[in-house]
Amino acid sequence: MGLLQIDTINVVARSPYMTLFSRLGTYRNEWLDELLAEGVIAECWAHEACFVPASEYRYHRDYRAGRAGHWAHKSAERMHVEARSDMDALLERIRLEGPLRAADFEREGPATKGWWGWKPEKRWLEAWFALGRLMVARRDRFQRVYDLAERVIARWPEQPSAEILDEAAVRQHFIAESVRALGIAKARWVADYFRLRPRVTDAELAPMVADGRLLRVAVEGWEVPGYVHRDHADLLRDAQRNALRATRTTLLSPFDPVVWDRARALDLFGFEYTIECYTPAAKRTYGYYVLPILHRGRLVGRLDAKAHRQRGLFQVLGLWLEAGVATSTALVEGIAEAIGECAAWHGTPRAVIERSQPRSLAALVTKHLAR
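The text that follows walks through the structure, step by step, so that each part is easy to find. (Residues numbered from 1 in each chain as written. Predicted model: local features only at pLDDT ≥ 70, side-chain atom pairs only at ≥ 80, totals over all residues. Heavy atoms only, no water.)

### Describing the overall build of the protein
Here is step 1: A count of helical and extended segments in the protein gives 14 helices and 13 strands.
Here is step 2: Projecting the C-alpha coordinates of the protein onto the three principal axes gives extents of approximately 65 × 55 × 40 Å.
Here is step 3: Per-residue burial for the protein yields a buried fraction of 51% across its 371 residues.
Here is step 4: In the form shown here, the protein has an accessible surface area of approximately 18,600 Å², with 50% of it arising from carbon and sulfur atoms.
Here is step 5: Counting 54 positive and 48 negative side-chain charges, the protein places the averaged centre of each group 4 Å from the other. (Helix = DSSP H or I, 4+ residues; strand = E, 2+ residues; numbered from the N terminus. Buried < 20%, exposed > 50% of the residue type's maximum accessible area, 1.4 Å probe, protein only. Areas by Shrake-Rupley, 256 points an atom, 1.4 Å probe, with all protein chains shown as cover. Lys, Arg positive; Asp, Glu negative; His and termini not counted. Charge placed at Lys NZ, Arg CZ, Asp CG, Glu CD.)

So, in structure tokens, the structure goes:
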């Protein structure tokens, strides 16, 4: 995938952990935290705030240095102009004292508006993080522990090259990695993966096809060409022989790469999806934290869930199938197994489904869970 988007909502599982679970099944949550502390992965602004392989960090660093940097970098630059002396003092304190959390900066009085109500020191830490002067050395109970970038990088098993790549080279690298991550892509899907600007066109991809980095293919039902990374040539041949078989049923994070590009999810899967946790409760169609259901290569439905860890309860507030999706035995078994696996991973072995559409689905899935 190349990156894992970070989000702090933990009503089920925080997004980067959930995204790995969707692909790997049950694993130790500590694994991701350990990789960060060991310098195998790093945090930076990419699609949004993300975990990325440390080996890829130099490309994100150099993209930030170019004129096409992420919106977070531009906001951080404005903040530094407005609060230069305070931000410089904060940076000097970390230089002298070592890694610090936002909680280590005590402040009396209420939080300020904007940036999720963060106190000024938290906003300054995040600004230095966006500008690349601070990095996340590790996380303590998911709280970022910030240190000088040069000290964090010095502890990595492999040091990134100091050579600064030009903007065109970084852009081409991200284009190729986007196509690799997407599997098969239309040109208009490519830019969103690493938030490239301007959007990618067929004309821009033509030289990458010519030099063999990308393969251009015709796809039945598409009016535009598709692109596949050359590393996936064997998979492409399997697809052309109709030899690929999707077998997994799983639950996806709202910030999973399968659905984070809403236009692509609608175009590729016919799945219209909106994250409603930022929508007032009265205006929600489905619920606060709705997880898409992937079943054998199709997005067949969604469920609104909450993990009550202290009670050992995985509560499914609602379960909905997409229009036209039939309630087959394979589908019921797949959804039940996905819910059961996710519940067990959370340490909430008792799963309860409160309502569903169609109404009979809840009873069918519950019956299979009880086996």
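### Some thoughts on the pattern of salt bridges
Here is step 1: Per the counting criterion, the structure on display carries 27 salt bridges.
Here is step 2: The partner of Arg180 in a salt bridge is Asp231, with the nearest N and O atoms 2.4 Å apart. A residue pair is termed long-range when its members are at least 10 positions apart, and Arg180 in helix H8 (residues 167–182) and Asp231 in the loop between strand S7 (226–229) and helix H11 (233–240) qualify at 51 residues.
Here is step 3: For Asp231, a relative accessible area of 48% corresponds to the partly exposed category.
Here is step 4: Beyond isolated ion pairs, a larger network of salt bridges with shared partners links Glu43, Lys122, Glu126, Arg139 and Arg144. (Salt bridge = Lys/Arg side-chain N within 4 Å of Asp/Glu carboxyl O.)

### Some thoughts on the layout of surface pockets
Here is step 1: Space inside the largest pocket adds up to approximately 1,600 Å³.
Here is step 2: Lining the largest pocket are 45 residues; nearest its centre among them are Leu182, Gly183, Ile184, Leu244 and Phe269.
Here is step 3: Take the lining of the largest pocket: its biggest share by element is 4 residues, from H11.
Here is step 4: Residue classes in the lining of the largest pocket are distributed as 25 nonpolar, 10 polar and 10 charged. (1 Å grid on protein atoms, 1.4 Å probe; cavity = no way out; pocket = protein on both sides within 12 Å on 5 of 7 lines; lining within 4 Å. Points joined across faces, edges and corners; volume = space filled by probe spheres on them. Nonpolar A, V, L, I, M, F, W, Y, C, P; charged D, E, K, R; others polar.)

### Considerations on empty space enclosed by the protein
Here is step 1: Going through the model one piece at a time under the given rule, you end up with 4 cavities of 30 Å³ or more.
Here is step 2: In this structure, the largest cavity occupies an estimated 60 Å³ of space.
Here is step 3: If you go around the largest cavity, the residues you meet are Trp45, Ala46, His60, Tyr63, His70, His73, Phe174 and Phe194.
Here is step 4: Here the lining of the largest cavity is built from residues that sort into 5 nonpolar, 3 polar and no charged.

### Comments concerning the packing of H8 against helix H10 (residues 202–210)
The description of two packed helices rests on the angle between their axes and on the distance between the axes.
Here is step 1: Where H8 meets H10, the closest approach of the two axes is 12 Å, and the angle between their N-to-C directions is 85 degrees. Considered as vectors, H8 and H10 are oriented roughly perpendicular to each other. Facing H8, whose interface residues are Arg171, Gln172, Ile175 and Ala176, H10 presents Glu204, Leu205 and Met208.
Here is step 2: Broken down by class, the residue content of the contact of H8 with H10 amounts to 4 nonpolar, 1 polar and 2 charged. (Axes fitted to C-alpha atoms, helices over the stretch in contact; angles between N-to-C directions. Parallel < 35°, antiparallel > 145°, perpendicular 65-115°, else oblique. Contact = heavy atoms within 4.5 Å.)

### What about helix H4 (residues 71–82)?
Here is step 1: Taking 1.5 Å per residue, 12 residues should reach 16 Å; H4 reaches 17 Å between its end C-alpha atoms and fits that length.
Here is step 2: Listed in full, the buried residues belonging to H4 are Ala72, His73, Ser75, Ala76, Met79 and His80. Viewed end-on, H4 has its buried residues packed into an arc of 160 degrees, placing them on one side of the element. Of the residues in H4, the exposed ones pointing more than 90 degrees away from the buried face are Arg78, Val81 and Glu82. (Expected span 1.5 Å × (residues − 1). Arc of directions from axis to C-beta.)

### A look at the packing of aromatic side chains
Here is step 1: Across all of its chains, the model carries 13 aromatic pairs by this definition.
Here is step 2: With 6.0 Å between their ring centres and 55 degrees between their planes, Tyr17 and Phe142 make a pair best called tilted. Linking Tyr17 in helix H1 (residues 15–24) with Phe142 in the loop between strand S4 (134–140) and strand S5 (143–148), this pair joins segments that are 125 residues apart in sequence. There is no split in this pair, since Tyr17 and Phe142 are both buried.
Here is step 3: Aromatic rings pair up to connect Tyr59, Tyr63, Phe174, Tyr193, Phe194 and Trp260 into one cluster.
Here is step 4: Above the plane of the ring of Tyr59 lies Arg58, whose end atom (NZ or CZ) is 5.6 Å from the centre. (Phe/Tyr/Trp six-rings, centres within 6.5 Å; stacked < 30°, edge-to-face > 60°. Lys NZ or Arg CZ within 6 Å of the ring centre and 35° of its normal.)

### A few points about the packing of H4 against helix H5 (residues 84–97)
Here is step 1: Where H4 contacts H5, the axes come no closer than 5 Å and their chain directions differ by 100 degrees. With respect to H5, the element H4 is oriented roughly perpendicular. Contact residues: H4 offers Met79, His80, Val81 and Glu82, while H5 offers Arg84, Met87 and Asp88.
Here is step 2: Residue composition of the contact of H4 with H5, grouped by class: 3 nonpolar, 1 polar and 3 charged.

### Here we look at the sheet that holds strand S1 (residues 4–5)
Think of a sheet as strands paired side by side through backbone hydrogen bonds, with each pair either parallel or antiparallel.
Here is step 1: Ordered by their spatial adjacency, 3 strands build an open sheet running S1-S3-S2, and the pairing between neighbours is antiparallel. In the strand order of this sheet, the two ends are held by S1 and strand S2 (41–45), each with one partner.
Here is step 2: Sheet analysis places S2 next to strand S3 (residues 49–53), joined by 5 bridges and oriented antiparallel. Note on S3: the bridge partner recorded for Cys44 is Cys50.
Here is step 3: Each of S1, S2 and S3 touches helix H2 (residues 30–38); the most contacted strand, S2, lies at about 85 degrees to it. (Pairing = 2+ DSSP bridges.)

### Quick look at the pairing of strand S10 (residues 298–308)
Here is step 1: Burial of S10 is extensive: 9 of the 11 residues sit out of reach of the surface.
Here is step 2: Where strand S9 (residues 290–295) and S10 come together, 6 bridges link them in antiparallel fashion. Looking at S10, one finds that Leu294 is bridged to Leu299.
Here is step 3: From the end of S9 to the start of S10, which pair antiparallel, there are 2 residues, and Arg296 there has a positive phi angle of about 50 degrees.

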